[in-house]
Amino acid sequence: MRADPILLPTEAGLYCPEGDFHIDPLRPVARALITHGHSDHARPGHGAVLATQQTLDIMRLRMGPDFAGSTQVAADEMRLGDVSVGFHPAGHVLGSSQIAVTSGDCRIVVSGDYTRQPNPTCAPFEAVACDIFVTEATFGLPVFRFPDPATQVEKLLASMAEFPDRPHLIGAYALGKAQHVIALLRAAGYDAPIAIHGALKTLCDYYVQQGVDLGALVPATADEVPAQLVIAPPSAFASLWVQRFRDPVLGFASGWMTVRARARQRGVELPLVISDHVDWPMLTGTLTELAPSEVWVTHGTEDGVIRWCELAQIPARPLRLVGYEDEAEE
């Protein structure tokens, strides 16, 4: 297998010499292929960007119209130099993709961030046969085993019923998580207006334009917020904005809420374990299903996944790429 000449880890990120492009580069490059719109994967300043239409739209909304010299919408299968590339759903956020790079008889799939749990706001993960699978390891330890997100929504609704006079402020990342939480609430039958922080409006509006039903949303900017439930980016909880709410129940929707100490450190009264990443069973189950000849592990707890691969007798290597962490507002 001639994997190294196809994709190389560099200071700027994964680079394909045969196609002369980077995948999710960490700094401006001549040509970038982008898996999804989160800011640790999608950065401005590239000469050219190739991504799904939804990812390009999201980058434009977040970074402005001139975020790249030129843009191109990814087709099902494209030829770039001496390799073929294909974009396949990752199930992470709207427009998120895995990128398959094929040269000769070797295919490498770069998954970006992904999950196997159903997400009503985006296309589900597509299992793509490959020789080498590049997996994230954000929650790459056996301790991370996420519950059904419907149970976490039930917990939120139960708290709202128990404390009807206390506003419930739920921290959720602006891209993907906020819309996911709202959609889960609607699926659970909650049809009352939900207030959203101003930082969420643009992306929520875009999700609605793309056919995601978020129900009635009202601004959480007025002195009197006409809703018991408020969704805001976590960074808002450290601002003066939160002081307008009297005796709020503070919640946070994240896979990190599995770690109770982390919830306590953030002053979270209502931790909601809702993630758009794979947990340990989903990650190892994906590797078992795909059965690649080799696994490359990036951004997260690489050593835990490498050890599992050793026990499963799957050759594996850590990429040691630095810079793929949570977004600044996360």
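Since we're looking at a predicted model, the values are computed, not measured.

Cut-offs used in this document
Residues numbered from 1 in each chain as written. Predicted model: local features only at pLDDT ≥ 70, side-chain atom pairs only at ≥ 80, totals over all residues. Heavy atoms only, no water. Buried < 20%, exposed > 50% of the residue type's maximum accessible area, 1.4 Å probe, protein only. Helix = DSSP H or I, 4+ residues; strand = E, 2+ residues; numbered from the N terminus. Pairing = 2+ DSSP bridges. Right-handed = clockwise from strand over helix to strand, strands pointing away. Axes fitted to C-alpha atoms, helices over the stretch in contact; angles between N-to-C directions. Phe/Tyr/Trp six-rings, centres within 6.5 Å; stacked < 30°, edge-to-face > 60°. Lys NZ or Arg CZ within 6 Å of the ring centre and 35° of its normal. Contact = heavy atoms within 4.5 Å.

Quick word on the pairing of strand β16 (residues 249–253)
Of all 5 residues in β16, 4 are buried; the element is thus mostly enclosed. Looking at chain direction, strand β12 (residues 168–171) and β16 are connected through 4 bridges and run parallel. Note on β16: the bridge partner recorded for Ile 170 is Gly 251. Taken together, the 3 bridges between β16 and strand β17 (residues 270–272) define a ladder with parallel strand orientation. Its bridge partner lying in β17, Phe 252 is registered against Pro 271. In this fold, β16 hands off to helix α5 (residues 260–265), which returns the chain to β17; that crossover is right-handed.

Observations regarding the sheet that holds strand β5 (residues 46–51)
Strands sit in the order β1-β2-β3-β4-β5-β6 across an open sheet of 6 strands; the sheet is mixed. The sheet terminates laterally at β1 (8–10) and β6 (68–73), the two strands that pair on one side only. Direction aside, the axes of adjacent strands within the sheet are offset by 30° on average. Strand direction decides the pairing type here: β5 and β6, joined by 5 bridges, are parallel. Its bridge partner being in β6, Ala 48 is matched across the sheet by Ser 70.

Examining the packing of aromatic side chains
Tallied over the entire structure, the rule returns 8 aromatic pairs. Centroid distance Phe 139 to Phe 144: 5.0 Å. Interplanar angle 65°. Geometry classified as edge-to-face. The residues Phe 139 and Phe 144 share a single accessibility class, namely buried. Ring geometry for Phe 144 and Trp 256: centres 5.6 Å apart, planes at 90°, overall edge-to-face. Pair noted here: Phe 144 is in the loop between β11 (132–137) and α2 (149–162) and Trp 256 is in the loop between β16 and α5, with a separation of 112 residues, a long-range link. Trp 256 matches Phe 144 in its accessibility class, with the two residues each being buried. Ring pairs connect the aromatic residues Phe 139, Phe 144, Phe 146 and Trp 256, which therefore count as one cluster. Over the ring of Trp 296 we find Arg 317; its NZ or CZ atom is 4.7 Å from the centre of that ring.

Observations concerning unusual backbone geometry
One non-glycine residue, Asp 24, lies in the positive phi region at around 50°. Inspection of the secondary structure assignment puts Asp 24 in the loop between β3 (21–23) and β4 (31–33). In this model, Gln 313 sits at a positive phi of 60°, which is unusual for a non-glycine residue. By secondary structure assignment, the location of Gln 313 is in the loop between α7 (302–311) and β19 (316–318). Using a relative accessible area of 74% as the deciding quantity, one classes Gln 313 as exposed.

Describing the sheet that holds strand β9 (residues 97–103)
Taken together, 7 strands build an open sheet; the order of strands is β7-β8-β9-β10-β11-β18-β19 and the sheet is mixed. Edge strands, defined here as strands with exactly one partner in the open sheet, are β7 (78–80) and β19. Geometrically, the sheet is characterised by an average inter-axis angle of 25° between neighbouring strands, direction not taken into account. As judged from the 6 bridges shared by β11 and strand β18 (residues 294–300), these two strands associate in the parallel manner. In the sheet register, Thr 135 faces β18, and the bridge partner there is Val 297. Together, β11 and β18 form the strand contacts of helix α6 (residues 280–290), whose direction differs from that of β11 by roughly 175°. Its contacts with the sheet put α7 on β11, β18 and β19, and the angle it makes with β18 is roughly 160°.

All we've got here are geometric facts, nothing functional implied.
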